There are 2 protein chains.
Amino acid sequence: MRLVPIAFLAVIAIGTVLLALPPARAGAGAAPFVTALFTATSSVCVTGLTVVDTATYWSPFGQVMIMVLTQVGGFGVMAMATLLSIAVGRRLGLRGRLLARAENQALDLNNPGRVLARIAIVMAVAESLILVVVAGRLWLGYDYAFGRALWYGLFHAVSAFNNAGFALWSDSLTQFVGDAWICLPLTLGVIAGSLGFPVMFELWWTGRKPARWSTHTRLTVAGSIVLLVVGFGVMLAFEWGNPDTFGPLGVADKVLAAFTQGAMPRSGGLNSVDYGAMLPATIAVTIGLMFIGGGSAGTGGGIKVTTFFLLAYVIKAEIKGEPDVVIGRRRVAETTQRQAISVALGGVALCALGCLALLTTSPWLTLERALFESVSAFATVGLSLGVTGNLGAQAQLVLVVLMFCGRVGTVTVASALALNTRPSLHRYPEARPIVG
Amino acid sequence: MRLVPIAFLAVIAIGTVLLALPPARAGAGAAPFVTALFTATSSVCVTGLTVVDTATYWSPFGQVMIMVLTQVGGFGVMAMATLLSIAVGRRLGLRGRLLARAENQALDLNNPGRVLARIAIVMAVAESLILVVVAGRLWLGYDYAFGRALWYGLFHAVSAFNNAGFALWSDSLTQFVGDAWICLPLTLGVIAGSLGFPVMFELWWTGRKPARWSTHTRLTVAGSIVLLVVGFGVMLAFEWGNPDTFGPLGVADKVLAAFTQGAMPRSGGLNSVDYGAMLPATIAVTIGLMFIGGGSAGTGGGIKVTTFFLLAYVIKAEIKGEPDVVIGRRRVAETTQRQAISVALGGVALCALGCLALLTTSPWLTLERALFESVSAFATVGLSLGVTGNLGAQAQLVLVVLMFCGRVGTVTVASALALNTRPSLHRYPEARPIVG
Ligand SMILES: [K+]
Ligand SMILES: [K+]
């Protein structure tokens, strides 16, 4: 368990060194240390926040490094989170919780090697599909040379499926706002990657019907659909007439742009419309979607879809006065409820402290921008209201810490919490302080 | 239980009618309906948000109405919350939970009449003390006529102890920023009122030593001290050199202003410095303090001090892998934990929806201002970044709903939750979705 953060730190360190080499930079000289550290962390944590323009600041060598770090980071997150969740399931299984085991059996594979191989297969297939469509479109529709179209297709396929948010176009996907051949595969790739491997595994390998899906898969799929619909609806409703965003677009382009921008906060990080020009109401919803993030053991970030909806069920049970929290004929374990609460409140605390740290190091920021930036870093989304590049070294380091904690923390802490429940040797008498 | 919201609604309705009468307004004609409704709700819910200047818009009759509504609302909140918590304790006692009963015995008074009388005594004593100091100071130090000094002393004593935040000076306490004779009694009154009656009762009547305090009292007192120190420290550190707030003040005045402004977000609502001129970092902390609010069954609002610190203990227990949440040799009941979570997350949801509603009805607001305003209304604080008066009727109604839900909702919902736990007739098999 403790190896996970160390492994991530090691990859980030190697990435920092490589990006700080002179050949990684397009211009003269080498990238400053903090820039290299920030970009390496943003790549490995599949965040996509940038302090320099990926397209012009880095050389092709630097860009390949970013892509490789992204792929390593995305694979690492999926693999480690999946293996950890299997470990948790096994540990619970060993304790005789047969029902818990049956619930998790979709992932109860015999050896870790097979899990890793299957994750690699999923990634290779998904990224190849995206690559073919995007590269083909750039080659045929935009007169890119074949090799260049392939390179752009590969880079953005890796960026999308790993929910990384890096782009080789300085304004991300803005020039393709109405082009479904570019926006759709990248957005669908983001959504697929953010579902998480346990869900993909159950959907693709076990061939179970929805009625027999595990609670985790049902919660993730249904929750993701709800969040996508909310994102789509809010974008369309709030930004429809905004002259700086959707206003000038035709109806079909508005729909495509709403789908893309509604999905990207969770936590793709690419954008075909400038989030910085959106209305405060849209930004508020986007912050909420970013914080919730994607599915567990996927390339998406945030507190995770299951955590959010599980808490909604907890509140529902409390309001109805039911002693058990029941999701579709399954009672949610009380330890799982407490984990969800800890992950959610820990996330709130991290984002609040991060926002405060940004505001103290950069007093020129507004609360809106600081909150957006810190949630984007914590949830490894990579969207920005356009201020990341103006932050000083201290503020950049704040974001580095947020990205690392958001990516590695939620994965390992949740598993650690699930494993380390000690039996109580002594119980104190009960107290009931008045709440509310 | 259901009578509580109805009682509050009735008082608000009466207040609205009275404030809509022509004599209540200083100028010609009567106040518009929404203005009267907003002011009545703000008074009864002891919030203190204003859409018109209390000092100049209302006649002396209108101001007396506001004071009376505030006093009725403050007494009502304290009385109902205390009686409800006793009812909860009794119900639990009847179920044989002797320890829970012992914990709450400080409040296990024999008849509700005695509770109400003691609350009235506390209020009368506290408000008289504040009245004497403030009126004396205005009479002797500011050349107010004796009767006027008395009226001002009374109005602000009621406003302070009931955590109402209304002031007869258009700029609240700004002109008294360095006057400890005005600021200290009002701030101490706010702090005392926000502790809540159960805590006051235990501190004043039972004569128990701190070592024998109930968990509720210990959590409230220790938590309040922590929050006051945080507020004081943040104000002093962040605003020390801000030319628009603390900058021009001498050191002693800075300390006094920091104490006042640090205490008022929880949830006094008076101010001797303009919050609208503060730095975004200070505003972020203020929003957090407002959301947490005061003690249970007091005139303070928010999710309450106990709720916040109880959740901190839940997370601590989770991180340490302890099955029980222990606060000072007492195990917190699991139902209490779930209530705390529901109150806190319900509060987050209300504030988020309120903020969104404000932004959609008033697109000219920034996220910072909308969030500040909605949290101030939900937590019945009454501080503003100076935008309340510019809101349209729809946005004012949003705040009315937030004030009512924040004030009446947290009190009744928490009690309802504590009482309505049903035994489970059927248990489903357990599921453990992956969280985080
Ligand atoms: K991302
Ligand atoms: K107030």
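Residues numbered from 1 in each chain as written. Chains lettered and ligands numbered in written order. Predicted model: local features only at pLDDT ≥ 70, side-chain atom pairs only at ≥ 80, totals over all residues. Heavy atoms only, no water.

Taking an unreviewed UniProt entry as the reference, chain A is identified by name as Potassium transporter TrkG belonging to Luedemannella flava.

**So, the environment of A:Glu239**
Residues and elements named next belong to chain A. Tracing the chain through its elements places Glu-239 in helix H10 (residues 215–239). Each C-alpha atom of the pair Glu-239 and Lys-254 lies 9.0 Å from the other, and the pair is 15 residues apart in sequence. Not counting residues within four places of it along the chain, the set of residues in contact with Glu-239 comprises Val-234, Thr-245, Phe-246, Gly-247, Met-278, Leu-279 and Thr-282. At a separation of 2.8 Å, a polar atom in the side chain of Glu-239 contacts the side chain of Asn-242. (Helix = DSSP H or I, 4+ residues; strand = E, 2+ residues; numbered from the N terminus. Contact = heavy atoms within 4.5 Å. Polar contact = N/O pair within 3.5 Å; in protein donor to acceptor, adjacent residues only side chain to side chain.)

**Observations concerning the coordination of the potassium ion (ligand 1)**
Residues and elements named next belong to chain A. Only Val-46 (O), Thr-47 (O), Asn-163 (O), Ser-267 (O), Thr-380 (O) and Val-381 (O) from the protein reach the potassium ion (ligand 1) as donors, at distances of 2.3 to 3.0 Å. Viewed at the metal, the 6 donor atoms of the potassium ion (ligand 1) are separated by angles of 64 to 152 degrees, and the geometry they form is irregular. Along the chain, the residues donating to the potassium ion (ligand 1) fall in the pattern V-T-x115-N-x103-S-x112-T-V. With Ser-267 in the loop between helix H11 (251–263) and helix H12 (280–292) and Val-381 in the loop between helix H15 (367–378) and helix H16 (393–419), this pair connects stretches of sequence that are 114 residues apart. Note on accessibility: Ser-267 and Val-381 belong to one class, buried. (Donors = N, O, S within 2.8 Å, 3.2 Å for Na, K, Ca; no water. Tetrahedral: all angles 85-135°; square planar, octahedral: opposite > 155°, others 65-115°. Buried < 20%, exposed > 50% of the residue type's maximum accessible area, 1.4 Å probe, protein only.)

**Examining the packing of helix H7 (residues 146–161) of chain B against helix H8 (residues 180–195) of chain B**
All names here are of chain B. Following both chains from N to C, one finds H7 and H8 inclined at 40 degrees, their axes separated by 7 Å at the closest point. Contacts between H7 and H8 pair His-156, Ala-157, Ala-160 and Phe-161 from the former with Leu-186, Gly-189, Val-190, Ala-192 and Gly-193 from the latter. When grouped by side-chain class, the residues that make up the contact of H7 with H8 number 6 nonpolar, 3 polar and no charged. (Axes fitted to C-alpha atoms, helices over the stretch in contact; angles between N-to-C directions. Nonpolar A, V, L, I, M, F, W, Y, C, P; charged D, E, K, R; others polar.)

**Some points on the state of the cysteines**
Here is the idea: a disulfide is a covalent bond, and it sits between the sulfur atoms of two cysteines. All names here are of chain A. In the structure shown here, the tally under the stated rule is 0 disulfides over all chains. Here Cys-351 is not cross-linked by a disulfide; its sulfur's nearest cysteine counterpart is in Cys-355, at 8.8 Å. Cys-355 gets classed as buried once you look at its relative accessible area, which sits at 3%. (Disulfide = S-S within 2.5 Å.)

**With respect to the coordination of the potassium ion (ligand 2)**
All names here are of chain B. At the metal site, the potassium ion (ligand 2) is ligated by Val-46 (O), Thr-47 (O), Asn-163 (O), Ser-267 (O), Thr-380 (O) and Val-381 (O), and these contacts range over 2.3 to 3.0 Å. For the potassium ion (ligand 2), the 6 donor atoms are set out with angles of 64 to 152 degrees between them, so the coordination reads as irregular. In the primary structure, the donors to the potassium ion (ligand 2) are separated according to the pattern V-T-x115-N-x103-S-x112-T-V. With a gap of 220 residues between them, Thr-47 in the loop between helix H2 (33–44) and helix H3 (54–57) and Ser-267 in the loop between helix H11 (251–263) and helix H12 (280–292) connect regions that are remote in the sequence. A relative accessible area of 0% means that Thr-47 is categorised as buried. For Ser-267, a relative accessible area of 0% translates into the label buried.

**What to know about the side chain of B:Lys304**
Tracing the backbone shows B:Lys304 in the loop between H12 and helix H13 (305–319). Buried charged residue B:Lys304 carries no salt bridge. Nearest counter-charge: A:Glu318, at 15 Å. Looking at B:Lys304, its side chain comes within polar contact range of the main-chain oxygen of B:Gly302, at 3.1 Å. (Lys, Arg positive; Asp, Glu negative; His and termini not counted. Salt bridge = Lys/Arg side-chain N within 4 Å of Asp/Glu carboxyl O.)

**A closer look at the confidence of the model for chain A**
With 89% of its residues at a pLDDT of at least 70, chain A reaches an overall mean of 84. Scored below 50 in pLDDT, residues 94–103 of chain A shows 16 contacts in the model against residues more than four places distant or in partner chains. (pLDDT = per-residue confidence, 0-100.)

**Some words on helix H1 (residues 3–19) of chain B**
Residues and elements named next belong to chain B. End to end, H1 covers 24 Å across 17 residues, agreeing with the expected 24 Å (1.5 Å per residue, within 8%). Among all positions of H1, only Val-4, Phe-8, Ile-12, Gly-15, Thr-16 and Leu-19 are buried. Buried residues in H1, looked at end-on, bunch into an arc of 105 degrees, giving them a common side. In H1, the exposed positions that point more than 90 degrees away from the buried face belong to Leu-3, Ile-6, Ile-14 and Val-17. (Expected span 1.5 Å × (residues − 1). Arc of directions from axis to C-beta.)

**Things to note about the packing of aromatic side chains**
Within this structure, the stated rule accounts for 20 aromatic pairs over all chains. When the centroid spacing of 5.9 Å and the interplanar angle of 55 degrees are considered together, the rings of B:Phe197 and B:Phe201 count as tilted. One end of the pair, B:Phe197, and the other, B:Phe201, are both in helix H9 (residues 197–206), 4 residues apart, so they sit about a helical turn from each other. When its relative accessible area of 4% is taken as the criterion, B:Phe201 is described as buried. An aromatic cluster is built from A:Tyr142, A:Tyr144, A:Tyr152, A:Trp169 and A:Phe176, whose rings are joined through pairwise contacts. Across from the ring centre of B:Tyr144, 4.3 Å away, lies the NZ or CZ of B:Arg148, which sits over that ring. (Phe/Tyr/Trp six-rings, centres within 6.5 Å; stacked < 30°, edge-to-face > 60°. Lys NZ or Arg CZ within 6 Å of the ring centre and 35° of its normal.)

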